[in-house]
Amino acid sequence: QVQLVESGGGLVQAGGSLRLSCAASGRTFSNYRMGWFRQAPGKEREFVATINWSGGSTYGDSVKGRFTISRDNAKNTVYLQMNSLKPEDTAVYYCNVRSIIIMSYNYWGQGTQVTVSS
């Protein structure tokens, strides 16, 4: 059974930084992309960033140049370093792990709140 445990959310002032972590367990994740999505109140869930086993990453347009995703394969952990935070980054951030081979193998964390004050 795949489990995702997120940490690192909180309250920060605009311009500040936060680092999110998501530890995955339950299987080998070599054929999985790991990433982050976010959902603000009243809005649809939005893609933030994703990274593959070899470190190739993709970012949503709204976070490019400010957020950095990384991955520690030995720890099955994905990180999201968020810099230059803006009030519009306020959302619940969800860790996502999905297989690149079997599309139905798609897992979500419980979410962690990030609040950026102006």
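This is a predicted model, so every value here is computed, not measured. (Residues numbered from 1 in each chain as written. Predicted model: local features only at pLDDT ≥ 70, side-chain atom pairs only at ≥ 80, totals over all residues. Heavy atoms only, no water.)

Trainee: Give me the state of the cysteines: which residues, what numbers.
Mentor: All chains considered together, the criterion is met by one disulfide. Shown here is the disulfide that connects Cys 22 with Cys 95, its sulfur atoms set 2.1 Å apart. Taking the torsion about the sulfur-sulfur bond, which here is approximately -80°, the covalent link between Cys 22 and Cys 95 counts as left-handed. Separated by 73 residues along the polypeptide, Cys 22 in strand S3 (residues 18-25) and Cys 95 in strand S9 (residues 91-99) bring together distant segments of the chain. Accessibility assignment for this pair places Cys 22 and Cys 95 in one class, buried. (Disulfide = S-S within 2.5 Å. Helix = DSSP H or I, 4+ residues; strand = E, 2+ residues; numbered from the N terminus. Buried < 20%, exposed > 50% of the residue type's maximum accessible area, 1.4 Å probe, protein only.)

Trainee: With reference to specific residues and values, describe the nonpolar core.
Mentor: Within the largest apolar cluster, 29 residues are counted, with the highest numbers of intra-cluster contacts made by Trp 36, Leu 80, Met 82 and Tyr 93. Where this core is concerned, the elements lending two or more residues are S3, strand S4 (32-39), strand S5 (46-51), strand S7 (67-72), strand S8 (77-82), S9 and strand S11 (112-117). (Core = buried A, V, L, I, M, F, W, Y, C linked by side-chain atoms within 4.5 Å.)

Trainee: Residue-level account of a nonpolar patch on the surface, with values.
Mentor: Taken together, the side chains of Ile 100, Ile 101, Ile 102 and Tyr 105 make up a nonpolar region of the molecular surface, amounting to roughly 370 Å² of accessible area. For Ile 100, the position within the fold is in the loop between S9 and strand S10 (106-108). (Patch = residues over 30% accessible without salt bridge, like charges linked within 9 Å, V, L, I, M, F, W, Y side chains within 5 Å. Areas by Shrake-Rupley, 256 points an atom, 1.4 Å probe, with all protein chains shown as cover. Salt bridge = Lys/Arg side-chain N within 4 Å of Asp/Glu carboxyl O.)

Trainee: Just give me the short version of the sheet that holds S7, but keep the residues and values in it.
Mentor: Taking strand neighbours across the sheet as the criterion, the four strands line up as S1-S3-S8-S7 in an open arrangement whose pairing is antiparallel. Two strands lie at the open edges of the sheet, namely strand S1 (3-7) and S7, each paired on one side alone. The average angle at which neighbouring strand axes cross in this sheet is 15°, direction not considered. With five bridges joining them, S1 and S3 adopt antiparallel strand pairing. Paired with Gln 3 across the strands is Ser 25, a residue of S3. (Pairing = 2+ DSSP bridges. Axes fitted to C-alpha atoms, helices over the stretch in contact; angles between N-to-C directions.)

Trainee: Please give an account of the pattern of salt bridges that cites residues and values.
Mentor: With the rule as written, the count across this model stands at four salt bridges. Note that Glu 46 is salt-bridged to Arg 38, the shortest N-O span being 2.8 Å. For Arg 38, a relative accessible area of 6% gives the class buried. The residue Asp 61 makes a salt bridge to Lys 64 at a minimum N-O spacing of 3.2 Å.

Trainee: Run through the packing of aromatic side chains, naming residues and quoting values.
Mentor: In this structure the tally under the stated criterion is three aromatic pairs. Between the aromatic rings of Phe 37 and Phe 47, the centroid separation amounts to 5.6 Å while the plane-to-plane angle is 70°, which identifies the pairing as edge-to-face. Placement of Phe 37 in strand S4 and of Phe 47 in strand S5 is noted, with a sequence separation of 10 residues between them. According to the relative accessible area criterion, Phe 47 is partly exposed, its value standing at 28%. (Phe/Tyr/Trp six-rings, centres within 6.5 Å; stacked < 30°, edge-to-face > 60°.)

On their own, these measurements won't tell you what the molecule is for.
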